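Given next are the chains, with one letter for each unit.
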Amino acid sequence: MVLALTVCGSVVALVVVGLFVFGLRRRLIQRSGGTFDCSLRWDAPEPGDSGGKGWAYGVARYNGDRVEWFRVFSYAPRPRRVLERSSIEVAGRRVPEGEEELALLSDAVILACLHRGRRLELAMSDDALTGFLAWLEAAPPGQRVNVA
């Protein structure tokens, strides 16, 4: 009986510590400001494929001329993806269709992009999209900006 209580207590303690670390990590990511909720689909399918697979929920953070993307359900202190402003080319924007409506947040808008020739899609709120496009267009003089 004592062993069962000890094991159960240890499991509960590990779960609580794990949840605390998730929250602490998110706080540390957001500490410097310039963050927004952003789902990402790397190696996105061709236009017209509305399957909801491949989306990962995350938090993006502006850091100078880069956007750093962190998975929400991860303990990694470093970003999973880094997108350089000069390498991002916006190919279009659309609303979620089909299964994507279930995989993404309810107010999400999908931005199709190319980053160094690789297709990716970012899903974010309208407000975050406005800020992201403004950030892209605010490139320093002499840098090309590819916003459709």
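Everything numeric in this text was worked out from a predicted model, so none of it was measured.

Engineer: Which residues make up the packing of aromatic side chains, and what values do they have?
Structural biologist: Here the structure, examined in full by the defined rule, presents three aromatic pairs. Relative to Tyr 62, the ring of Phe 36 lies with its centre 5.2 Å away and its plane at 35°, an arrangement referred to as tilted. Here Tyr 62 lies in strand 3 (residues 58-63) and Phe 36 lies in strand 1 (residues 35-37), a separation of 26 residues in the sequence. By relative accessible area, which is 10% here, Phe 36 ends up buried.

Engineer: Residue-level account of the side chain of Ser 87, with values.
Structural biologist: Looking at the element boundaries, Ser 87 is found in the loop between strand 5 (81-84) and strand 6 (88-94). Among residues more than four places away in sequence, those in contact with Ser 87 are Leu 114, His 115 and Arg 116.

Engineer: Let's hear about empty space enclosed by the protein: which residues, and what values?
Structural biologist: All told, the structure shown has one cavity of 30 Å³ or more when counted by the stated rule. Here the largest cavity defines a volume of roughly 30 Å³. Around the largest cavity, the lining residues are Phe 36, Cys 38, Ala 60, Val 67, Trp 69, Leu 83, Leu 122 and Phe 132. Class assignment of the residues belonging to the lining of the largest cavity gives a composition of eight nonpolar, no polar and no charged.

Engineer: Can you lay out the sheet that holds strand 5 for me, pointing to particular residues and giving the numbers?
Structural biologist: Pairing within the open sheet is antiparallel, and its four strands lie in the order 1-3-4-5. This sheet does not close on itself; its edge strands, each paired only once, are strand 1 and strand 5. On average, each strand axis in the sheet is tilted by 20° relative to the strand beside it, whichever way the strands run. Pairing geometry for strand 3 and strand 4 (residues 66-71), over six bridges, is antiparallel.

Calculation rules
Residues numbered from 1 in each chain as written. Predicted model: local features only at pLDDT ≥ 70, side-chain atom pairs only at ≥ 80, totals over all residues. Heavy atoms only, no water. Phe/Tyr/Trp six-rings, centres within 6.5 Å; stacked < 30°, edge-to-face > 60°. Helix = DSSP H or I, 4+ residues; strand = E, 2+ residues; numbered from the N terminus. Buried < 20%, exposed > 50% of the residue type's maximum accessible area, 1.4 Å probe, protein only. Contact = heavy atoms within 4.5 Å. 1 Å grid on protein atoms, 1.4 Å probe; cavity = no way out; pocket = protein on both sides within 12 Å on 5 of 7 lines; lining within 4 Å. Points joined across faces, edges and corners; volume = space filled by probe spheres on them. Nonpolar A, V, L, I, M, F, W, Y, C, P; charged D, E, K, R; others polar. Pairing = 2+ DSSP bridges. Axes fitted to C-alpha atoms, helices over the stretch in contact; angles between N-to-C directions.

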